[in-house]
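One letter stands for each residue in the lines below.
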Amino acid sequence: MCDEGKSQTQLGKDSPQDCTPCSKGRVGNLNRTECIDCDAGRYNTIDGALKCEECVDGQYQSEQGKTSCIKCGVGKFGWSGSIKTGNNSIACKNCPPGKIVKAENLGATTCDTCAAGRYANAAHDRCLFCAAKTYSTYEGRDSLNNTGVNKENCDFCNSTQYSITNRTKCSR
């Protein structure tokens, strides 16, 4: 019989020297007669691996026999217990309103909250300042993605005021 992570498929051969390591993304089946692909949501990176590893939170793999997992994209996050076998739309959730995941943080397990005076853009990958003559004293504002006025979801200053640099209040 072969050692774990190896297989032997030739009839009449039963010596450990006749066994070959399973390639990356594969492991030996229970009776070690063949190599099988790692399941979707799992991977391995070495020849002769003893088992397939589960993708970590914030990552997924929709195909079998892979050597890595895919990180959740911009504006998306993976959570503890998330489905690791789907695609970016199934395994990863969109950030909630007012929260973002930047491109440099792919594979995130949480989203960052936009600071007061800023709002999350529609892609949920950047916090933008409220427009001139608007402000917000609240964290976590969001783009409403509609055609209405004030689509940044920031509050308007009075007509005789302007918003200060960080857009958290208005001044005369």
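Up top is the structure.
Here the structure is a predicted model, which is why all the values come from computation and not from measurement.

Regarding the pattern of salt bridges
Part 1 of the argument: Using the criterion set out here, one finds three salt bridges in the structure.
Part 2 of the argument: In this structure, the salt-bridge partner of Asp125 is Arg126, at a minimum N-O distance of 4.0 Å.

Things to note about the environment of Asn166
Part 1 of the argument: Examined against the element boundaries, Asn166 turns out to sit in the loop between β18 (162–163) and β19 (170–171).
Part 2 of the argument: Taking the relative accessible area as the measure of exposure, Asn166 reaches 37% and is therefore partly exposed.
Part 3 of the argument: Side-chain polar atoms of Asn166 contact the side chain of Thr168, separated by 2.8 Å.

Some thoughts on the sheet that holds strand β14 (residues 127–129)
Part 1 of the argument: Strand order across the open sheet formed by three strands is β14-β13-β16, with mixed pairing between neighbours. The open sheet has two edge strands, β14 and β16 (141–142), and neither has a second partner.
Part 2 of the argument: In the sheet, strand β13 (residues 118–120) pairs with β16 via two bridges, with the strands oriented parallel. Bridged to Tyr119 within β16 is Arg141.

Observations concerning the packing of aromatic side chains
Part 1 of the argument: Under the defined criterion, the tally for this structure stands at zero aromatic pairs.
Part 2 of the argument: Cation over ring: Arg118 sits above Phe129, and NZ or CZ is 3.9 Å from the ring centre.

A short note on the side chain of Ser163
Part 1 of the argument: Mapped onto the fold, Ser163 is located in strand β18.
Part 2 of the argument: Among the polar contacts listed, one links the side chain of Ser163 to the backbone oxygen of Thr134, at a separation of 3.2 Å.
Part 3 of the argument: In contact with Ser163, not counting residues within four places along its chain, are Ala131, Ala132, Lys133, Thr134, Cys157, Lys169 and Cys170.

Some points on the nonpolar core
Part 1 of the argument: Grouped together as the largest cluster of nonpolar side chains are five residues: Phe77, Cys95, Val101, Ala108 and Cys111.
Part 2 of the argument: With residues up to four places along the chain from it excluded, the contact list for Phe77 reads Cys72, Ala91, Cys92, Lys93, Asn94, Cys95, Pro96, Ala108, Thr109, Thr110 and Cys111.

Section: the side chain of Gln61
Part 1 of the argument: Residue placement: Gln61 occurs in the loop between β7 (59–60) and β8 (70–71).
Part 2 of the argument: On the basis of relative accessible area, Gln61 is assigned to the buried category, the value being 5%.
Part 3 of the argument: Within the structure, Gln61 has its side chain in polar contact with the backbone oxygen of Ser68 (distance 2.9 Å).

Some points on the state of the cysteines
Part 1 of the argument: In this structure the tally under the stated criterion is eight disulfides.
Part 2 of the argument: What pairs with Cys22 in a disulfide is Cys35, and their sulfur atoms sit 2.1 Å apart. Torsion about the S-S bond of the Cys22 and Cys35 cystine: about -85°, corresponding to left-handed handedness. Of this pair, Cys22 sits in the loop between β2 (20–21) and β3 (26–28) while Cys35 is found in strand β4 (residues 35–37), placing the two residues 13 residues apart along the sequence. Each of the two residues, Cys22 as well as Cys35, counts as buried.
Part 3 of the argument: A sulfur-sulfur separation of 1.8 Å characterises the disulfide bridge that pairs Cys157 with Cys170. On the sign convention where negative is left-handed, the bridge of Cys157 and Cys170, at about -75° about the S-S bond, is left-handed.

Thresholds applied
- Residues numbered from 1 in each chain as written.
- Predicted model: local features only at pLDDT ≥ 70, side-chain atom pairs only at ≥ 80, totals over all residues.
- Heavy atoms only, no water.
- Salt bridge = Lys/Arg side-chain N within 4 Å of Asp/Glu carboxyl O.
- Helix = DSSP H or I, 4+ residues; strand = E, 2+ residues; numbered from the N terminus.
- Buried < 20%, exposed > 50% of the residue type's maximum accessible area, 1.4 Å probe, protein only.
- Polar contact = N/O pair within 3.5 Å; in protein donor to acceptor, adjacent residues only side chain to side chain.
- Pairing = 2+ DSSP bridges.
- Phe/Tyr/Trp six-rings, centres within 6.5 Å; stacked < 30°, edge-to-face > 60°.
- Lys NZ or Arg CZ within 6 Å of the ring centre and 35° of its normal.
- Contact = heavy atoms within 4.5 Å.
- Core = buried A, V, L, I, M, F, W, Y, C linked by side-chain atoms within 4.5 Å.
- Disulfide = S-S within 2.5 Å.

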